[in-house]
Amino acid sequence: MSFHQRNCSHFKLIPSALIVLAAAHTQPDLNAQNVRPVIRYANTIGGSSTDTATAMTTDANGYVYIAGQTVSTDFPSAKRLSAPPPTSTPEIFVTKIDPSGSTVVFSTIVGAGNPEAIAVDASGAVYIAGADPGTNYPTTAGAYAAGGRCFLLKLGSGGSNLVYSATLGCTFGSTITGMFVDPLGDVYLAGNTSTIPTTPNSFMPTTSAYGTFALKMNPQGSALIYSTYLPFGASAMTVDPQANAYFTGGASAKNFVPTINVFPTEDPTQFSPTDDVMLLKLSADGSKLVLSTLFGGYGSDDGTSIALGPDGSIYIAGASRTSTGFGAKTAFPTTRGVMDTIPAFPKGFLVRLPPSADSFIFSTFLTDLADGQCVNVNADGSADVFNRQRLLRV
C-alpha cells in the first residue's frame, strides 16, 4: 500500500519514543463493533541521544518502514548518505524492519530535515517528504530543484541509494499534510505554505496568504506535472485510479462555495461560523475542481482522513464538536440505522458518500472515539477507523 497520510496506513501507532507496535491480527468484540489489536511485537530503536519517529508505513508483505529524526551519532546499523552536520542537528533517518520485528533490514541517515510523510511502492522503494532540509541535505543531479523549504526523496529498495532527491519551493514554516504514490511512480503531495511555485493552467495559481498547496511530481523526480494552491486547508488526501486527487479538512460555510450544496452546514450568515467538513476533488491535470462539498453541524467539524472504496465511494473520518445544548441549532448529520447517532463534544465520525458525493450512503458517529484519525477500506466495503486509543470496524 503506497498511500500515506497523517502517519496512518494499515493502522500504525507512532509514540513519541521509537517504539514499534505491530498487530498480527485482530479479534472482533461480539458485543460491539470494536476490534482489539493483538500486539505481535514491541521493540525500541535508537541510539544514545534523542530519536523521534514522525512517519510510518507498511508494505504488502508486512515490512515496517519508519522515518524520523535522530541526533544520535551511534544510531544502529545506519548507512549515511551525506556528511555529518557540524553541530547536533536533527537528521532524517529511515529504517525498515522485517515482519517478525526482530531484524532491522536497513537504517539510512539521509541528512538534516524534518520528515513528515512516508510511502513505499510495490518494488520496495521508499518515498519521504517533509520540510526544513539542512545544509547537509543531499540532492541528486537532474532532480527538481526549487531550493525551498520542502523536500521529496526516493530511496532504492535496499535503502542505500538515492534514486532522486528534490527540493520544493516552499517557504519557512511549511508542512506536508498528505502524500500518495500511484502505480506509475507519480508522487502527490498536499501541504501548507506561504509561497510555492505553481504550474501553468493550474486550478489556483496564486494565493494572498499562508495556504494549502497540492502538487504532482513525475516518476523521475525531475519535473512537476502540476502545482496549485487549494482554497481551503487539507488535512488528508488520496487519489483514484484515474489520477484525480481528493482532499478533506475543515472550511467555513461563510467562505466555501460548494459545487454540490445538498448537506447541512453551519449557518453561513453567522458572524463567525466554525468549520464544517470539506471535500475537494481535483482533476488529474490539476487544472480544475471536479467537485466540492461541505457538511457539518453547530460546532467545529473536521475531516482528518480519507479513503476510497472498491466502487469509488468516498469515506471520510474525523472529529465532530457538535454541541448538544443549543436546541434547534444544526446538528452534525447522521443517517438512520447506523452505529451511533448521539452527538458529543468531541466525537469521531465516519461518512460514506457515492462517487458523485451528492448524498450520504451512511453517516455515523464513532462510539467511544473522539476522532477518526485513520480510515482503511476493506474489499467488502467495510471500513476500519483508528485513533490512538481504539479501532472500530463499520
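Residues numbered from 1 in each chain as written. Predicted model: local features only at pLDDT ≥ 70, side-chain atom pairs only at ≥ 80, totals over all residues. Heavy atoms only, no water.

Some points on the overall build of the protein
Stated precisely, the cut-off is as follows: Here a helix means four or more residues in a row that DSSP labels H or I, a strand means two or more in a row labelled E, and each is numbered from the N terminus. Only protein chains enter the accessibility calculation, which uses a 1.4 Å probe; a residue is then buried when its area is under 20% of its type maximum, exposed when over 50%, and partly exposed in between. When checking whether two residues touch, look at their non-hydrogen atoms; a contact exists if any pair is within 4.5 Å. Note on areas: Shrake-Rupley with a 1.4 Å probe; residue coverage comes only from the protein chains shown.
Each helix and strand counted, the protein has 0 helices and 27 strands in total. Residue burial in the protein is summarised as follows: out of 394 residues, 56% are buried. A separation of at least 24 residues holds for 57% of the contacts in the protein among residues at least 6 apart in sequence. In the structure as shown, the protein presents an accessible area of about 15800 Å², 53% of it carried by carbon and sulfur atoms.

Considerations on the state of the cysteines
Our working rule: Any pair of cysteine sulfurs within 2.5 Å is marked as a disulfide.
Counting across every chain of the model gives 1 disulfide. Through a disulfide, Cys150 is tied to Cys170; the S-S separation comes to 2.3 Å. Disulfide Cys150 to Cys170: torsion about the S-S bond roughly -110 degrees, handedness left-handed. Of this pair, Cys150 sits in strand β11 (residues 150-155) while Cys170 sits in the loop between β12 (162-168) and β13 (175-181), and the two are 20 residues apart along the sequence.

Observations regarding the sheet that holds strand β21 (residues 301-308)
Under the convention used in this document: Whether two strands pair comes down to DSSP finding at least two bridges between them. Under this scheme, a helix contributes an axis fitted over its contacting stretch, all axes are lines through C-alpha atoms, and angles between N-to-C directions fall in the 0 to 180 degree range.
Reading across from one edge, β21-β22-β23-β24 is the order of the 4 strands in this open sheet, with antiparallel pairing throughout. Whereas interior strands pair on both sides, the edge strands pair on one side only; in this sheet they are β21 and β24 (362-366). Looking at each pair of strands side by side, their axes are set apart by 20 degrees on average, direction ignored. The pairing of strand β22 (residues 314-320) with strand β23 (residues 347-353) spans 7 bridges and is antiparallel. What sits directly across from Ser320, in β23, is Lys347.

Remarks on the sheet that holds strand β9 (residues 114-120)
Taken together, the 4 strands give an open sheet; going across it, the order is β9-β10-β11-β12, and neighbouring strands pair in antiparallel fashion. Each of the sheet's edge strands pairs with one partner strand only, and the pair in question is β9 and β12. With strand direction ignored, the average angle separating the axes of adjacent strands in the sheet is 15 degrees.

A word on the confidence of the model for the protein
Inclusion rule: Note: pLDDT gives the predictor's confidence per residue, expressed from 0 to 100.
Confidence in the prediction of the protein, expressed as mean pLDDT, is 87, and 88% of residues score 70 or more. Throughout residues 1-7 the model reports pLDDT below 50, and contacts reaching past four residues in sequence, or to other chains, amount to 39 contacts. Between residues 9-32, whose pLDDT stays under 50, and residues either more than four places distant or in other chains, the model counts 77 contacts.

What to know about the packing of aromatic side chains
Here is the rule: Between rings of Phe, Tyr and Trp, where Trp is taken as its six-membered ring, a pair exists when centres lie within 6.5 Å; planes separated by under 30 degrees are stacked, by over 60 edge-to-face, and by other angles tilted.
All told, the structure shown has 11 aromatic pairs when counted by the stated rule. Each ring, one from Phe232 and one from Phe256, has its centre 5.0 Å from the other, and the planes form 40 degrees; the classification is tilted. Of this pair, Phe232 sits in the loop between β16 (224-230) and β17 (234-239) while Phe256 sits in the loop between β18 (245-252) and β19 (275-282); the two residues are 24 residues apart in sequence, bridging distant segments of the chain. Each member of the pair, Phe232 as well as Phe256, is classed as buried. Centroid distance Phe295 to Phe332: 6.1 Å. Interplanar angle 70 degrees. Geometry classified as edge-to-face. One end of the pair, Phe295, is in strand β20 (residues 289-295); the other, Phe332, is in the loop between β22 and β23, and 37 residues separate them in sequence. Exposure class is identical for Phe295 and Phe332. Each is buried.

Re the pattern of salt bridges
Opposite charge on two side chains lets them pair, provided their charged atoms get close. What counts, and what does not: Salt bridge, as used here, is a side-chain nitrogen of Lys or Arg placed within 4 Å of a carboxyl oxygen of Asp or Glu.
If you walk through the whole model with that rule in mind, you get 5 salt bridges. A salt bridge links Arg149 to Asp132, with the shortest nitrogen-to-oxygen separation between them at 3.4 Å. Taken as a pair, Arg149 in the loop between β10 (126-131) and β11 and Asp132 in the loop between β10 and β11 lie far apart in primary sequence, 17 residues in all. Here Asp311 ties to Arg352 by a salt bridge, and the two come within 3.0 Å at their closest N and O atoms.

A word on the side chain of Asp240
This is how it is decided: As used in this structure description, the phrase polar contact means that two N or O atoms lie within 3.5 Å; if the pair is within protein, one of them must be able to donate a hydrogen and the other to accept it, and residues adjacent in sequence are counted only when both atoms belong to side chains.
Its location among the elements puts Asp240 in the loop between β17 and β18. Reaching out from Asp240, the side chain makes a polar contact with the backbone nitrogen of Asn244 at a distance of 2.9 Å. Among the polar contacts made by the side chain of Asp240, one reaches the side chain of Tyr246 at a distance of 2.9 Å. Once residues lying within four places of it in the same chain are set aside, the contact partners of Asp240 are Tyr246, Lys281 and Leu308.

A closer look at the nonpolar core
Side chains of nonpolar character tend, in soluble globular proteins, to be buried together. Heads up, the rule is: Within this scheme, the nonpolar core is defined by two criteria: the residues are buried Ala, Val, Leu, Ile, Met, Phe, Trp, Tyr or Cys, and they are joined through side-chain atoms within 4.5 Å.
In this structure, Leu168, Met179, Val187, Leu189 and Met217 are the most contacted members of the largest nonpolar core, which totals 24 residues. In this structure Leu168 touches Tyr144, Ala146, Gly148, Arg149, Cys150, Phe151, Leu189, Leu215 and Met217, once residues within four positions along its chain are discounted.

Looking at the environment of Gly62
Locating Gly62 in the fold gives a position in the loop between β4 (51-58) and β5 (64-70). Sequence separation between Gly62 and Ser100 is 38 residues; the distance between their C-alpha atoms is 8.5 Å.

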